[in-house]
Amino acid sequence: MESEFADISLSAVAGAIADPARARMLCVLLDGRARTATELAAAADIGASTASSHFQRLREQGLVEMAVQGKHRYYRLANSEVGHALEALLVVAGAERVPFKPNTPSALREARTCYDHMAGTLAVRIHDAMLARQWLAVEGRDYILTPLGEAALAQIGVDVARARQRRRRFACACLDWSERRSHLGGALGAALLDALAQRGWVSKGLDSRALSVTKKGERQFPAFFGKADDLPAAGLAQRDRNVAA
């Protein structure tokens, strides 16, 4: 009986992937970044109403999940197992993936503020490094700061105790609108940005959200968080499932 149920489940998932439009949407999401419904519909060359039914089918089969941040809704692969399965199918099909190319202005894409915490390519790399080094751990819909992480952040002057006292989420993933992957939000994210600014690793613009990485920061970021090439992309299994800041 278990074998019969497995066959039925497999055929249902295969049927969801088999449609060309849905397959295109899934391939677009393979880079681990989230996309809006409009972007996925455009990528699949279908209308919004048609895309809605496709999203429902993909969600029903556990292939994608929806992330809500403010008034925006994004779709991404549900977990790492989905990504691995799609990668294997692409190998069989002999297909190649097209890399994601953000159209955000370069100054804002590299480093900027997102409310009171850091966003951009640098912030995503820091977030990934903190997960990879087990400074952060996923707990339900939020992150917890591990003893190892607290000790590490203390070295650069992050006021963790004050961050814990604030009446807001302590640490959570915030979806980065240029990278379409998570950076660190919440009170801890704000405390981290404050510490980096106080240490002179970044400087805030007077009339812009852009952050400038100083000469000191260029030296210290790789030493503390790791070189850019060494920082792994945060896997789908490591990522916080709720990106609402």
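Reading the values: rules and limits
Residues numbered from 1 in each chain as written. Predicted model: local features only at pLDDT ≥ 70, side-chain atom pairs only at ≥ 80, totals over all residues. Heavy atoms only, no water. Helix = DSSP H or I, 4+ residues; strand = E, 2+ residues; numbered from the N terminus. Buried < 20%, exposed > 50% of the residue type's maximum accessible area, 1.4 Å probe, protein only. Contact = heavy atoms within 4.5 Å. Areas by Shrake-Rupley, 256 points an atom, 1.4 Å probe, with all protein chains shown as cover. Axes fitted to C-alpha atoms, helices over the stretch in contact; angles between N-to-C directions. Parallel < 35°, antiparallel > 145°, perpendicular 65-115°, else oblique. Left-handed = near helix turned anticlockwise from the far one by under 90°. Nonpolar A, V, L, I, M, F, W, Y, C, P; charged D, E, K, R; others polar. 1 Å grid on protein atoms, 1.4 Å probe; cavity = no way out; pocket = protein on both sides within 12 Å on 5 of 7 lines; lining within 4 Å. Points joined across faces, edges and corners; volume = space filled by probe spheres on them. Phe/Tyr/Trp six-rings, centres within 6.5 Å; stacked < 30°, edge-to-face > 60°. Lys NZ or Arg CZ within 6 Å of the ring centre and 35° of its normal. Core = buried A, V, L, I, M, F, W, Y, C linked by side-chain atoms within 4.5 Å. Pairing = 2+ DSSP bridges.

Sorry if this is basic, but what is going on with the overall build of the protein here?
Counting secondary structure elements, the protein contains 11 helices and 11 strands. Classification of the 245 residues of the protein by burial places 44% in the buried group. In the protein, of all internal contacts separated by at least 6 residues, the share reaching a separation of at least 24 is 62%. Accessible area of the protein: about 13,100 Å², with a carbon and sulfur share of 52%.

Explanation requested: the packing of helix α2 (residues 20-28) against helix α4 (residues 48-60) in the structure shown.
Helix packing for two helices is described by the angle between their axes and how far apart those axes are. Direction vectors running N to C along α2 and α4 enclose 70°, while the axes themselves pass 10 Å from each other. Our classification of the angle between α2 and α4 gives roughly perpendicular. For α2 against α4, the interelement crossing comes out right-handed. Packed against α2, whose contacting residues are A21, R22, M25 and L26, the element α4 presents A51, H54, F55, R57 and L58 at the interface. Counted by class, the contact of α2 with α4 contains 6 nonpolar, 1 polar and 2 charged residues.

I'm lost on empty space enclosed by the protein in this one. Help?
Empty space among the atoms becomes apparent when a probe as large as a water molecule is rolled across them. Taken as a whole, this structure holds 1 cavity of 30 Å³ or more when the rule is applied. Counted as a void, the largest cavity has a volume near 70 Å³. Together, H117, M118, A123, I126, H183, L184, G189, L192 and L193 line the largest cavity. Elements that contribute at least two residues to the lining of the largest cavity include exactly β5 (117-119), α7 (121-132), β9 (182-185) and α10 (186-198). Considering every element that reaches the lining of the largest cavity, the biggest residue donor is α10, with 3 residues. Residue classes in the lining of the largest cavity are distributed as 6 nonpolar, 3 polar and no charged.

Would you take a moment to explain the packing of aromatic side chains for this structure?
To describe a pair of aromatic rings, you give the distance between the ring centres and the angle between the ring planes. Taken as a whole, this structure holds 7 aromatic pairs when the rule is applied. Aromatic pair W201 and F224: ring centres 6.2 Å apart, planes at 70°, arrangement edge-to-face. Here the residue W201 occupies a position in the loop between α10 and β10 (202-204), and F224 occupies one in helix α11 (residues 215-225), the gap between them amounting to 23 residues. Under the relative-accessibility criterion, F224 is labelled buried at 14%. Between F224 and F225 the ring centres are 4.9 Å apart and the planes differ by 85°, which places this aromatic pair in the edge-to-face class. We note that F224, like F225, is buried. Through pairs of rings, three or more aromatic residues link up here, namely W135, W201, F221, F224 and F225. Above the plane of the ring of F170 lies R164, whose end atom (NZ or CZ) is 4.6 Å from the centre.

So what exactly am I meant to see when it comes to the nonpolar core here?
Generally speaking, soluble globular proteins have nonpolar side chains that are buried together. Counting 35 residues, the largest nonpolar core has M118, M130, I156, V158, L188, L192 and F225 as its most contacted members. At the level of elements, α7, β7 (142-145), α8 (147-154), α9 (160-165), α10 and α11 are the ones that each hand at least two residues to this core. Of all the elements, α10 adds the most residues to this core, at 7 residues.

What's the story with the pairing of strand β8 (residues 172-175) in this structure? I'm lost.
Across a regular strand the side chains alternate sides, sitting on one face of the sheet and then on the other. A two-sided burial pattern is seen for β8, the buried positions comprising C172 and C174 on one face and A173 and L175 on the other. Both β8 and β9 contribute to a ladder of 4 bridges, which runs antiparallel. The residue bridging C174 from the neighbouring strand is H183, located in β9. Hairpin geometry of β8 and β9 is characterised by an intervening segment of 6 residues between the two adjacent antiparallel strands and by a positive phi of about 60° at R180.

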